[in-house]
Amino acid sequence: MTMRRTAVAAATAALTLLAAWGGAHSATAATPAPAPAAKPAKAAKTVETAKTAKTAKTANAAGTCAVLAPGASAVAEKAVAAACEQIGVWYTWGGGHGPQPGPTYGQVDPSDPDSAHDPERLGFDCSGLVRYAYARAAGGDPLTGNAHHQFHSPRVQQRFTAAQATGPLLPGDLLAWGSGGPIHHIAIYLGAGKMVEARESGTRITVSDVRLDGDYAGAVRIAPPAAAPGTFSTWGTDVWTHREPSTTSPRVHKFPGPTTVRIECQKHAEPVTAEGYTNDAWSYLPEYGAWITNIYIKGAAWLDGVRTCP
């Protein structure tokens, strides 16, 4: 009797389980399972998460190029902002040295195989970026020439040695490399040990840690436009300077357009007639080791406040 009851109970349980399985199977067949519907939602969430992360990463990367310390002049801060707008633009050898500040196609550097594609790339070299940033910030074209010229510019207000490291530096200061010889690289300090630079062929303008090793030469601070002593502006286009105060002496440097220059002294020498003016006054430009007729210097025929050369 006990065995019969056990068998009946087992059979009943089996029938109950079979019925339950059948009901569930029918319900599954009649109603779409939630799992397939959930998968697209999960995938969409994953895509959205990745997109958000990518956006955040891009924003963070862009945010690293900015004024990262207080104390800089308004012009210096504007120069930093202008340079940071160029993040991601190609380094190209000779880029940024056209008639006006701005990106240009580069040239092949015979000493650097990585520059083979620079003539196809629109961008800046190191000094081209500095030139553009300060032209945007200060107006005019105050930092023409290569890195060496910029490091020795008449617009320099203060100098810092390599031994001082970054301690006294403010955003907008120019860091330079080439101690013991011509300056060959220049970058713009951001603060917090960071700088923005156009470093070398094959790379793009980027934010880097300041490199104080190697041939780091120190840094300079650029004076606001009205504060640089002995500073004047040239005018005209394609104006040549000369080795001596004479148009027949060898040419030294051509100013493609208005340029800020420092005048050490002036003297009476060869009379020159140009642009409807005649003047025998010439000014000596120490950064260029050259002379320019005062006709192409904005100001009086004989410049006020400039001493006479011996």
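Only a predicted model underlies this, so the values are computations on that prediction, with no experimental measurement involved.

**Q** Can you help me understand the pattern of salt bridges in this one?
**A** Scanning the entire structure with this criterion turns up 8 salt bridges. A salt bridge links Arg211 to Glu197; its shortest N-O distance comes to 2.9 Å. You can see Arg211 sitting in the loop between strand E8 (206-209) and strand E9 (216-222) and its partner Glu197 sitting in strand E7 (residues 194-197), a full 14 residues away along the chain. Here Arg211 matches Glu197 in class, with each residue buried.

**Q** Looking at this structure, how should I read helix H3 (residues 74-84)?
**A** Residues separated by three or four positions in an α-helix point in the same direction, a consequence of the helix having 3.6 residues per turn. Taken as a whole, H3 has its buried residues at Val75, Ala76, Ala79, Val80, Ala82, Ala83 and Cys84. On its buried face, H3 is in contact with helix H4 (126-138), strand E6 (185-191) and E7.

**Q** Can you walk me through the nonpolar core in this structure?
**A** The nonpolar side chains of soluble globular proteins are, as a tendency, buried together. Grouped together as the largest cluster of nonpolar side chains are 33 residues, with contacts concentrated most on Tyr134, Leu174, Ile188, Val196 and Ile222. Setting aside its immediate chain neighbours within four residues, Leu174 contacts Val130, Tyr134, Leu143, Ile186, Ala187, Ile188, Gly218, Ala219, Val220 and Ile222. Residues Leu285, Ala290, Ile295 and Tyr296 belong to the second largest nonpolar core, which totals 20 residues.

**Q** Before we go on, may I ask you to explain H4 in this structure?
**A** In a regular helix each residue adds 1.5 Å, so 13 residues correspond to 18 Å; H4 covers 18 Å between its end C-alpha atoms and thus fits that length. Most of H4 is tucked away, with 11 of its 13 residues classed as buried. Buried residues of H4: Cys126, Ser127, Gly128, Leu129, Val130, Arg131, Tyr132, Ala133, Tyr134, Ala135 and Ala137, and no others. Of the residues one or two after H4, Gly139 is the one with positive phi, at around 80°.

**Q** In this structure, what is going on with the state of the cysteines? I would like to understand it.
**A** Here, the word disulfide means a covalent bond between the sulfur atoms of two cysteines. Following the criterion strictly, the structure yields 2 disulfides and no others. The disulfide partner of Cys65 is Cys84, and the S-S distance across this bridge is 2.0 Å. Residues Cys65 and Cys84 are joined through a disulfide that is left-handed, its torsion about the S-S bond being -80°. Of the two residues, Cys65 is situated in the loop between helix H2 (34-63) and H3 and Cys84 in helix H3; the sequence distance between them amounts to 19 residues. Pair check on accessibility: Cys65 and Cys84 agree, each one buried. Sequential numbering of the bridged cysteines in the chain gives the disulfide pattern 1-2, 3-4.

**Q** Can you walk me through the sheet that holds E8 in this structure?
**A** Strands pair in a sheet through their backbones, by hydrogen bonds, and they do so in one of two ways: parallel or antiparallel. With antiparallel pairing, 6 strands are arranged side by side in an open sheet as E4-E9-E5-E6-E7-E8. Because the sheet does not close on itself, it has two edges, and the strands there are strand E4 (156-160) and E8. Adjacent strand axes in the sheet meet at a mean angle of 35° when their direction is disregarded. One ladder, built from 3 bridges, connects E6 with E7; its direction is antiparallel. Its bridge partner being in E7, Gly191 is matched across the sheet by Lys194. With respect to the sheet, H3 is in contact with E6 and E7, its orientation differing from that of E6 by roughly 110°. Along the sheet, H4 makes contact with strand E5 (174-177), E6, E7 and E9, crossing E6 at roughly 50°.

Cut-offs applied
- Residues numbered from 1 in each chain as written.
- Predicted model: local features only at pLDDT ≥ 70, side-chain atom pairs only at ≥ 80, totals over all residues.
- Heavy atoms only, no water.
- Salt bridge = Lys/Arg side-chain N within 4 Å of Asp/Glu carboxyl O.
- Helix = DSSP H or I, 4+ residues; strand = E, 2+ residues; numbered from the N terminus.
- Buried < 20%, exposed > 50% of the residue type's maximum accessible area, 1.4 Å probe, protein only.
- Contact = heavy atoms within 4.5 Å.
- Core = buried A, V, L, I, M, F, W, Y, C linked by side-chain atoms within 4.5 Å.
- Expected span 1.5 Å × (residues − 1).
- Disulfide = S-S within 2.5 Å.
- Pairing = 2+ DSSP bridges.
- Axes fitted to C-alpha atoms, helices over the stretch in contact; angles between N-to-C directions.

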